[in-house]
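Residue-level structure breakdown
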Amino acid sequence: MRRSVFATIAAMKYKPDTGLLLALALCAFSLWPLLYRAGLPNGDDVLYHVYRAAEMERAWTHGVLIPRWAESFYTGYGSPVFHYYASLTYYLSAGLMRVFSLSALDSFRVLIAVAMLGGAAGMYMFVRGFSGRLGGVLAALAYTYSPYILYTEPYSRGAYPELMAFALFPLVMAAYGRLLRRGGALAFALAALGGAALIITHNLMALVLTAILAGWLLWQAVNGLRRSEPHPQTPSPLGGGASKRTSGGVGVSLQTVLWELGALIVGVALAAYFWLPVMREGGAVRLGNLTGGAGVSELDYRRFFVPLDDLLAHSPRMDAGSLNGLDHQLNLGLAQWVLALAGVIGLGVLWWYQRKPHPPAPSPHEEEQDRLPFTGRGLTRDEALANGVFFALAGLLTVVLMLPAAEPVWSTLWPMTYLQFPWRFLGPAAFALSVLVGLNALWIERLPRRVAFVLGAALVFGIIALATPLLYVTEWAHSSVDTSVAAYHEQELKGLQRGTTFSNEYLPVTVQVEPDSTPRLLADYADGYPVNRAHLEALPPGTTLDLLDHGPQHDVWRVNAAQDFTLEVLTYAWEGWAATVDGQPVPITPSNPHGLITFPVPAGEHEVRLTLGSTPARDLGNGVTVLAALVLLAGVVWGQRKPHPLAATPGGEEESSTSVAVSFPTRALMAGGVLALAFVLAYMREGGAWVESQPGEARLAQHTLDYQMGESLRLLGYDLNATTLHPGGRLKLRVYWYASAPIPYGYSSFVHISSGGPPLAQADKLNPAGLPTKTWGSGGYIHDDYVIVLPQTMPPGAYQLTIGLYTCETRPAGDCGNGDRLPVLNVDGRALGDAAPLTTITVAG
């Protein structure tokens, strides 16, 4: 009997999954920061993405649906940012802006909500497939409330494309899981399309997450193929062949493996229109800047490893009194890693117990008449063990790659340096740990009913409660953003958001020296379309030029020239720009040193056209994408002509006669949700989930001080990770500054560890806290972090830890020396010299 994709979808509509609905309801707490304030916080990349979304929407307005060029960036000279940066997030935001008349800022608020709930849904559906509904709910909670997903990505970083990739990945894994277990044309199509969408969501994470997906598929294939002979009643995913079944569980046929591999290849090929030109044309821009090249030391990956104790730390409360309190939360989450460990241990115990020769004892639930409601899919012990081992190894690997000890790995595998930040693996680690959290369902369901009820409620409450401090977000600065071209250019002229990049990685290599802005071009953009990008000021005498048409990626002029001349266009030269005069191509030459487009125009009257067209790499990428689409269509059509298994259980998965049914304690999870709601409503207040230090105080400082430094600065306190260290140990220091009045000079800072003579270890900063002191306000404190690695040869003993500030602006140019240091006074007004004593540390032998 044939069953079309549309019939399958129609059938699915009438099978609401109570577990999914409950998972979404419990994860809705993650939307708290969006519910009581408009706008978005001052995250690192928020404005970059807001301006890009606005530029995408403008391109759509002028008929370019898949732009490669952002014409207004770099003060109107343009940038190929959309060619090199995966743009699915901008397509979605532009669509929201046009369909619902949202601002770019509000479109990202919607996408944050979609990412939170979409990631939760995907996590539930993936883990439900091998750990039942209870496991799916637990995994969804652990993933959504992991610090990196809940707080760092959407708010402190504002990395919306990367957030969307982490939201999409569980859905992709769920699609492949469905294809592996049930097959069918719909599952094949969803898996391939999901993989393609992942690639065009975020360049860097697409590589990491696709590698995890491929590794999981290979792991499933190896574990499935090694099981014994086929079971005749279990068809293969798209018809024909057979899966394998043993007493240990359901195996995988070779045909199933080939269809899984086919979906992966088709998905990658569908996105070839994007990634293939990026690979072939990467040398046309400055992608090397992403690794800290060209003097961009701020992106050197060596600066972004995370010590293990930080990864395992709990999430702290925020302080609304901090002027720079929007810190990245670079920890795994206490609930996440503890419950993941419990899941691994519990799975190991169950596996060991079931290997014993005696028959397993009946579950306590089966002995009670009042059994917990609902039952998920049948779970085979081999399948659970295979997933547990894989994601335990994946979680361990991602954690190790973030540790300082992994630096040799990064330096050896140099392509990894394009990831920039080792702590980016917090996202994949969150996924792996959340899967392991879901495995706790396997042993919870074997507990007595009342114990399972209490434990289920406690787990829900604990995961949400431990994440509650992250539901308060400081520095909520952007209640609205003017995304007009004129407003954006105003920011660029101030040196902000230039090209919507930090390191000029998308600036064409033809640009040796960036030209000054052109006032006439800026005014033209401010007036709106059309914009004349010809360099009118450089036209030779007797030449007239009239604009006939203009778009984001083309210009047409009528030119009347008394003599041959070279036309300069105020657009950066880059791969694909092509010029014609009366339909005949003419060569483009980048101007020296500014890299602007120039080409010859003969004397007389001509129609001159400049167009961003295709290249061999783009033609090849487009051809591969079209071919992949045809293969996908053929696979779907062929799959509909073959029978495939239909779901027979409420969970939508086939049952195994040798499986253990995983109970779904709905009432327990609802009870945990009610407790969590009551806790959030009571705790989400000043003094609870967060504090608000008044000007001149730092309430969260471990050690309070009151040192006056000069006339305008005070040192309020500090935090220290340890007072006893060993040679080679890492000392982590946070100090709290307060500017009681405007600071007239730019000060640099130093931290010294000494025994009275020259420092044996130190740290220096040009700008304390990364912010010029002249910009510090008096509305709150500034926190300032330092990390000092003690020398391996440092002698044992007691050392003084001191900090100070100095400036060269009070010295003649070129005669700074050690600078002029600020004098330090204690609370009694007694002079302490030019360095503030913090504490004594001990270096043990």
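It should be noted that the structure appears before, not after, this text.
Residues numbered from 1 in each chain as written. Predicted model: local features only at pLDDT ≥ 70, side-chain atom pairs only at ≥ 80, totals over all residues. Heavy atoms only, no water.

**Quick word on the overall build of the protein chain**
- Summing up its helical and strand segments, the protein chain has 24 helices and 26 strands in all.
- Counting all 845 residues of the protein chain, 56% fall into the buried class.
- The long-range share in the protein chain, meaning contacts at least 24 apart out of those at least 6 apart in sequence, stands at 75%. (Helix = DSSP H or I, 4+ residues; strand = E, 2+ residues; numbered from the N terminus. Buried < 20%, exposed > 50% of the residue type's maximum accessible area, 1.4 Å probe, protein only. Contact = heavy atoms within 4.5 Å.)

**A closer look at unusual backbone geometry**
- Between Tyr529 and Pro530 the backbone carries a cis peptide bond, its omega angle lying at -5°.
- Examined against the element boundaries, Pro530 turns out to sit in the loop between α22 (519-527) and β5 (544-551).
- For the bond running from Asn592 to Pro593, omega is 15°, close enough to zero to count as cis.
- The topology assignment puts Pro593 in the loop between β10 (589-590) and β11 (596-601).
- In the Ramachandran plot, Gln497 falls in the positive-phi region, its phi being about 55° despite a non-glycine side chain.
- You can see Gln497 is positioned in the loop between α21 (485-493) and α22.
- Residue classification places Gln497 among the buried positions, given a relative accessible area of 16%.
- Residues other than glycine seldom take positive phi values, yet Asp582 does so here, at roughly 55°.
- Along the chain, Asp582 falls in the loop between β8 (577-581) and β9 (584-586).

**Some points on the nonpolar core**
- In this structure, Phe126, Trp216, Phe391, Leu567 and Phe599 are the most contacted members of the largest nonpolar core, which totals 202 residues.
- Ranked by residues supplied to this core, first place goes to helix α7 (residues 104-144) with 22 residues.
- Among all residues touching Trp216, those that are not within four sequence positions of it are Phe126, Met173, Tyr176, Gly177, Leu180, Asn387, Phe390 and Phe391.
- Leu713, Leu733, Ile743 and Ile803 belong to the second-largest nonpolar core, a separate cluster that totals 34 residues. (Core = buried A, V, L, I, M, F, W, Y, C linked by side-chain atoms within 4.5 Å.)

**What about the packing of aromatic side chains?**
- Following the criterion strictly, the structure yields 39 aromatic pairs and no others.
- With centroids separated by 6.0 Å and ring planes inclined at 65°, the aromatic side chains of Phe82 and Tyr90 adopt a geometry described as edge-to-face. Per residue, the accessibility class of Phe82 equals that of Tyr90, and both read buried.
- Ring geometry for Trp219 and Phe390: centres 6.0 Å apart, planes at 50°, overall tilted. Of this pair, Trp219 sits in helix α11 (residues 203-225) while Phe390 is found in helix α16 (residues 381-400), placing the two residues 171 residues apart along the sequence.
- Assessed through its relative accessible area of 11%, Phe390 is described here as buried.
- Taking NZ or CZ as reference, Lys765 lies 4.4 Å from the ring centre of Tyr786, over its face. (Phe/Tyr/Trp six-rings, centres within 6.5 Å; stacked < 30°, edge-to-face > 60°. Lys NZ or Arg CZ within 6 Å of the ring centre and 35° of its normal.)

**Observations concerning the sheet that holds β10**
- Here three strands make up an open sheet; going across it, the order is β7-β11-β10 and the pairing antiparallel. Each of the sheet's edge strands pairs with one partner strand only, and the pair in question is β7 (565-572) and β10.
- The pairing of β7 with β11 spans six bridges and is classified as antiparallel. From the neighbouring strand, Phe565 faces β11, where its bridge partner is Val601. (Pairing = 2+ DSSP bridges.)

**Thoughts on helix α24 (residues 666-683)**
- An ideal rise of 1.5 Å per residue puts 26 Å on 18 residues; α24 measures up with 25 Å between its terminal C-alpha atoms.
- Buried within α24 are the following residues: Thr666, Ala668, Leu669, Gly672, Gly673, Ala676 and Val680. Around the axis of α24, the buried residues are gathered within 160° of arc, so they sit on the same side. Turned more than 90 degrees off the buried face of α24, the exposed positions are Val674 and Leu681.
- The inward-facing, buried residues of α24 contact α2 (18-27), α3 (32-35), α7 and α20 (449-467). (Expected span 1.5 Å × (residues − 1). Arc of directions from axis to C-beta.)

**Thoughts on the packing of helix α12 (residues 254-270) against helix α23 (residues 616-640)**
- Contact geometry of α12 with α23 gives a least axis separation of 8 Å together with a crossing angle of 145°. Handedness of the α12/α23 crossing: left-handed. Contacts between α12 and α23 involve Gln255, Trp259, Val266, Ala269 and Leu270 from the former and Val624, Thr625, Ala628, Ala629, Val631, Leu632, Gly635 and Trp638 from the latter.
- When grouped by side-chain class, the residues that make up the contact of α12 with α23 number ten nonpolar, three polar and no charged. (Axes fitted to C-alpha atoms, helices over the stretch in contact; angles between N-to-C directions. Left-handed = near helix turned anticlockwise from the far one by under 90°. Nonpolar A, V, L, I, M, F, W, Y, C, P; charged D, E, K, R; others polar.)

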